[in-house]
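Chain residues, written in single-letter form:
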Amino acid sequence: MNITILGPGAVGSLWACYLQKAGHNVCLWTRNSIPSEQSLSLSANENSSHQFKINDKQALIDCDLLVITVKAWQVESALLPLLPLLSKETILLFMHNGMGAIDNLKEHINHHPILQATTTHGALKENNTNVIHTGYGNTSLGPFNPLGKQCQFIQDVLNHSLPSVDWNPEINIALWKKLAINCAINPLTAIHQCKNGQLEQLDIHQYVVSICSEVHEILQKEGIEWSYSELLSSVNQVIKATSANYSSMNRDCFYQRKTEIDFITGYLLKRAKFHGISAPINQSLYNQIKQFEENTL
Ligand code: PAF
């Protein structure tokens, strides 16, 4: 397939390398068009070297699958200028932390088949030319619109490149579960500037418990069947499995970059408001991160 990766950060670069390894014709699209080619080495079980064209307009015109891996807050500004170049058959696949980024774009993109995915693969891009596959995981893929429902074959394409990939007709449920975990881990680790594992300490863990209790009430209103104890034990499992890591929001704050708070806790609060529920602890975490952004950006 002709595939373009929009936003070759860590996750985008990881997929770019594995999709090319599997024989696909892969190009990258970035904010930065110079130089026109990019070498990337993938450090994984089997190391490999890759060469990609960058910002090739013809590749975008011929693109069968556009994988959008920019951060949620970049989706609109990165994608809108490219839409006139795409054929209406081009499949759009969104893969990012958080929810709500494509809701406002719907009228502009709904004539494309749209897919959404969430992945637990770990990737680290230390510099422009090397991506490290830090942890093997799995990817859930599913349709966002009726045209997307006809694109289940993309599961095979992705699974053949970087397994395992499952097809989830109810991808929204998987996205909500990931969002719930991000709500519990990301703002706290950013505010306390600590590694994920430090959330296990009792004085901070009590906040994890209170966040989960508010999140669970909102999940119930959204019709997501996940018991409070399942939610808390999933959060605890992720904290354990990633204990030596810094969360993405921790890193964004550390490097004084814009965070994904509007699409993580911000999205949760929007839905809470819709259901007439208050979520004071999540609101306070949201306010603290927004305050930090205002003071530093
Ligand atoms: O955003 C992140 O950092 C990750 O999604 C997670 C699961 C919280 C692990 O650090």
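Rules used throughout
Residues numbered from 1 in each chain as written. Predicted model: local features only at pLDDT ≥ 70, side-chain atom pairs only at ≥ 80, totals over all residues. Heavy atoms only, no water. Domains from an automatic or database assignment. Contact = heavy atoms within 4.5 Å. Buried area = accessible area lost by both parts, 1.4 Å probe. Salt bridge = Lys/Arg side-chain N within 4 Å of Asp/Glu carboxyl O. Buried < 20%, exposed > 50% of the residue type's maximum accessible area, 1.4 Å probe, protein only. Helix = DSSP H or I, 4+ residues; strand = E, 2+ residues; numbered from the N terminus. Pairing = 2+ DSSP bridges. Near = heavy atom within 4 Å. Polar contact = N/O pair within 3.5 Å; in protein donor to acceptor, adjacent residues only side chain to side chain. Areas by Shrake-Rupley, 256 points an atom, 1.4 Å probe, with all protein chains shown as cover. Nonpolar A, V, L, I, M, F, W, Y, C, P; charged D, E, K, R; others polar. Axes fitted to C-alpha atoms, helices over the stretch in contact; angles between N-to-C directions. Parallel < 35°, antiparallel > 145°, perpendicular 65-115°, else oblique. Left-handed = near helix turned anticlockwise from the far one by under 90°.

J.: Help me understand the domain arrangement of the chain in this model?
T.: Per the domain assignment, the segments making up the chain are domain 1 (2–169) and domain 2 (173–296). Distance from the C-alpha centre of domain 1 to the C-alpha centre of domain 2: 25 Å. The interface of domain 1 with domain 2 comprises 15 residues on the first partner and 15 residues on the second. A buried area of about 1,400 Å², summed over both sides, lies between domain 1 and domain 2, and 63% of it is on carbon and sulfur atoms. Interface area lost by domain 1 to domain 2 is led by Trp73, Asn97 and Met99, which between them contribute 52%. Here domain 1 and domain 2 share two salt bridges between them. The closest approach of N and O atoms between glutamate 260 and lysine 71, which form a salt bridge, is 4.0 Å.

J.: Just checking my understanding: could you explain the pairing of strand E10 (residues 139–143) for this structure?
T.: Strand residues, when the strand is regular, have side chains that alternate between the two faces of the sheet. For E10, the tally of buried residues reaches five of five residues, placing the bulk of the element in the interior. Covered by surrounding structure in E10 are Thr139, Leu141 and Pro143 together with Ser140 and Gly142, the residues of both alternating faces. Bridge count for strand E7 (residues 114–119) against E10 is five bridges, and the pairing is antiparallel. Among the inter-strand pairings, alanine 117 is bridged to a residue of E10, identified as leucine 141. Across three bridges, E10 lies against strand E11 (residues 165–167) in parallel orientation.

J.: Would you mind showing me how to read the site of the ligand here?
T.: Taken together, Asn97, Lys178, Asn182, Ile185, Asn186, Asn196, Val238, Ser247 and Ser248 make up the full set of residues near the ligand. One of the side-chain N or O atoms of asparagine 196 is found 2.9 Å from an oxygen atom in the ligand. Across the complex, the protein chains shield 83% of the 280 Å² of accessible surface that the ligand would expose by itself. Each residue belonging to the shell around the ligand can be placed in one class, and the counts come to two nonpolar, six polar and one charged.

J.: Help me out: how do you make sense of the packing of helix H10 (residues 265–274) against helix H11 (residues 280–296) in this one?
T.: In a pair of packed helices, the angle between the axes and the distance between the axes together describe the arrangement. Running from N to C, H10 and H11 point in directions that differ by 140 degrees, and their axes come no closer than 10 Å. Viewed along their axes, H10 and H11 adopt a mutual orientation that is oblique. Where H10 crosses over H11, the handedness of that crossing is left-handed. Only Asn282, Gln283 and Tyr286 of H11 make contact with H10, whose side of the interface consists of Thr265, Gly266, Leu268 and Leu269. Taken together, the residues of the contact of H10 with H11 break down into three nonpolar, four polar and no charged.

J.: How should the packing of helix H6 (residues 171–191) against H10 be read in this particular structure?
T.: It is at 9 Å that the axes of H6 and H10 come closest, and there the two elements cross at 115 degrees. Taking contact as the criterion, the partners of Trp176, Leu179, Cys183 and Pro187 in H6 are, on H10, Thr265, Tyr267, Leu268 and Arg271. The class makeup of the residues in the contact of H6 with H10 is six nonpolar, one polar and one charged.

J.: I tried to follow the pattern of salt bridges on my own but got confused; where do I start?
T.: Side chains that carry opposite charge are capable of pairing whenever their charged atoms lie near each other. Under the criterion given, the structure shown has nine salt bridges. Across the salt bridge formed by lysine 53 and aspartate 56, the nearest N and O atoms sit 3.6 Å from each other. Aspartate 252 is paired through a salt bridge with arginine 257; the nearest N and O atoms lie 3.0 Å apart. For aspartate 252, a relative accessible area of 1% translates into the label buried. One continuous salt-bridge network, built from bridges that share partners, spans Lys71, Asp252, Arg257 and Glu260.

J.: Quick question: what am I supposed to make of the environment of phenylalanine 263 here?
T.: Relative to the assigned elements, phenylalanine 263 resides in the loop between helix H9 (248–254) and H10. Separated by 165 residues in the primary sequence, phenylalanine 263 and glycine 98 have C-alpha atoms spaced 4.7 Å apart. Those residues in contact with phenylalanine 263, other than ones at most four positions away along the chain, are Ala72, Trp73, Gly98, Met99, Gly100, Ala101 and Leu179.

J.: Teacher, can you tell me more about the environment of leucine 188 here?
T.: Of note, leucine 188 is situated in helix H6. Given the relative accessible area of 2%, leucine 188 is considered buried. In sequence terms leucine 188 and alanine 72 are 116 residues apart; their C-alpha atoms lie 20 Å from each other. Residue contacts for leucine 188: discarding those within four places in its chain leaves Leu199, Ile204, Tyr207, Val208, Ile211 and Leu285.

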